[in-house]
Amino acid sequence: MKIIFSNVPILQRRLIKKLFAKALEKTSNADNQKLYVGLKFVSEQEINLLNKQHRNIDKVTDVLSFPMLDIKWPQKLSDFEDQRDPDGSLNIGDIAVCTKKAALQAKEYGNTYKRELAFLSLHGFLHLLGFDHIEKEEEKTMMALAEGILSQLKLKRSENV
């Protein structure tokens with residue numbers, strides 16, 4: 001998998017690569033080759049603009065996902081072979097994470113900034129894989145998967161939450 005990073009510090013890239021690889025493994029998508037995803041860390045102004053343009057919501061949010069596939073869990077990426085580019089690559093979408101919002105939420109939840117950025121990046125990636133949290137059961141499934149992956153990488157949630 002190739003992650004196109006924008007404004008993401010080098011030190012956080014390795015962790016995000018591990019998170020996304022683990023998510024692909026846990027969702028039985030690890031065998032997919034030539035996957036592309038974009039991840040950009042953005043300001044409050046930029047995420048507000050993206051939220052307004054794409055969702056018609058004029059407010060700052062923590063993470064936005066822009067899926068390229070109409071995938072719904074439990075579908076697999078292999079169901080989208082016909083959407084691969086001629087070179088065999090499959091662009092699954094883009095994620096924008098607001099770093100200021102992540103810092104505020106980390107403080108609010110008693111987590112580290114590193115853990116909050118990891119959670120938000122992973123949350124956005126799970127959306128690209130077809131997960132959602134509109135319904136309670138969907139939310140439980142998505143959150144359990146995210147927390148399991150974060151725990152495996154020693155990024156457990158604060159006990160204060």
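Just so we're clear, the structure is a prediction, and the values are computed from it rather than from any experiment.

Colleague: Explanation requested: the side chain of aspartate 62 in the structure shown.
Modeller: Of note, aspartate 62 is situated in the loop between helix H2 (44-55) and strand E3 (63-67). Buried charge aspartate 62 goes without a salt bridge, the closest partner of opposite sign being lysine 101 at 6.8 Å. A polar contact is formed between the side chain of aspartate 62 and the side chain of glutamine 105, at a distance of 3.3 Å. When near neighbours in sequence (up to four residues on either side) are disregarded, aspartate 62 contacts Ile47, Ala96, Val97, Cys98, Lys101, Gln105 and Leu120.

Colleague: Where do I start with helix H1 (residues 10-26) in this structure?
Modeller: Within an α-helix, residues lying three or four positions from one another point in the same direction, as the helix has 3.6 residues per turn. For H1, built from 17 residues, the straight-helix expectation of 24 Å at 1.5 Å per residue is met to within 8% by its first-to-last C-alpha distance of 25 Å. For H1, the elements touching its buried residues are strand E1 (2-6), strand E2 (35-42), strand E4 (90-98), helix H4 (113-128) and helix H5 (136-152). Serine 28 sits one or two positions beyond H1 and adopts a positive phi of about 60°.

Colleague: Got a minute to help me understand the environment of leucine 49 in this structure?
Modeller: Position of leucine 49 relative to the elements: it lies in helix H2. Sequence separation between leucine 49 and valine 60 is 11 residues, and the spatial gap between their C-alpha atoms is 8.3 Å.

Colleague: Got a minute to help me understand unusual backbone geometry in this structure?
Modeller: Excluding glycine, most residues fall at negative phi; most peptide bonds, likewise, are trans. Following tryptophan 73, the chain continues into proline 74 via a peptide bond in cis, with omega recorded as 20°. On the secondary structure map, proline 74 appears in the loop between E3 and E4. The residue asparagine 7 is not glycine, and still its phi comes out positive at about 65°. One can find asparagine 7 in the loop between E1 and H1. We note that lysine 154 has phi near 65°; this positive angle belongs to a residue other than glycine.

Colleague: I keep staring at the sheet that holds E2 and nothing clicks. Help me out?
Modeller: Sheet strands pair via backbone hydrogen bonds, and the direction of the pair is either parallel or antiparallel. With mixed pairing, the 4 strands of this open sheet are ordered in space as E1-E2-E4-E3. Looking at strand neighbours, the two that pair on one side only are E1 and E3, the edges of this open sheet. Strand-to-strand twist across the sheet, computed as the mean angle between neighbouring axes with direction ignored, equals 15°. Of the pairings in the sheet, the one linking E1 to E2 comprises 5 bridges and is parallel in character. If you follow phenylalanine 5 over to E2, its bridge partner there is leucine 39. Sheet strands touched by helix H3 (residues 99-109): E2 and E4. Its angle to E4, the strand with the most contacts, is close to 60°.

Colleague: Just to check I follow, could you spell out H3 for this structure?
Modeller: Considered for burial, the residues of H3 that qualify are Ala102, Gln105 and Ala106. Here the buried residues of H3 occupy an arc of 105° about the axis, which is enough to place them on one side. In H3, the exposed positions that point more than 90 degrees away from the buried face belong to Lys107 and Glu108. The inward-facing, buried residues of H3 contact E4 and H4. Where H3 terminates, the next one or two residues include glycine 110, which has phi positive at roughly 75°.

Rules used in this analysis
- Residues numbered from 1 in each chain as written.
- Predicted model: local features only at pLDDT ≥ 70, side-chain atom pairs only at ≥ 80, totals over all residues.
- Heavy atoms only, no water.
- Helix = DSSP H or I, 4+ residues; strand = E, 2+ residues; numbered from the N terminus.
- Buried < 20%, exposed > 50% of the residue type's maximum accessible area, 1.4 Å probe, protein only.
- Lys, Arg positive; Asp, Glu negative; His and termini not counted.
- Salt bridge = Lys/Arg side-chain N within 4 Å of Asp/Glu carboxyl O.
- Polar contact = N/O pair within 3.5 Å; in protein donor to acceptor, adjacent residues only side chain to side chain.
- Contact = heavy atoms within 4.5 Å.
- Expected span 1.5 Å × (residues − 1).
- Pairing = 2+ DSSP bridges.
- Axes fitted to C-alpha atoms, helices over the stretch in contact; angles between N-to-C directions.
- Arc of directions from axis to C-beta.

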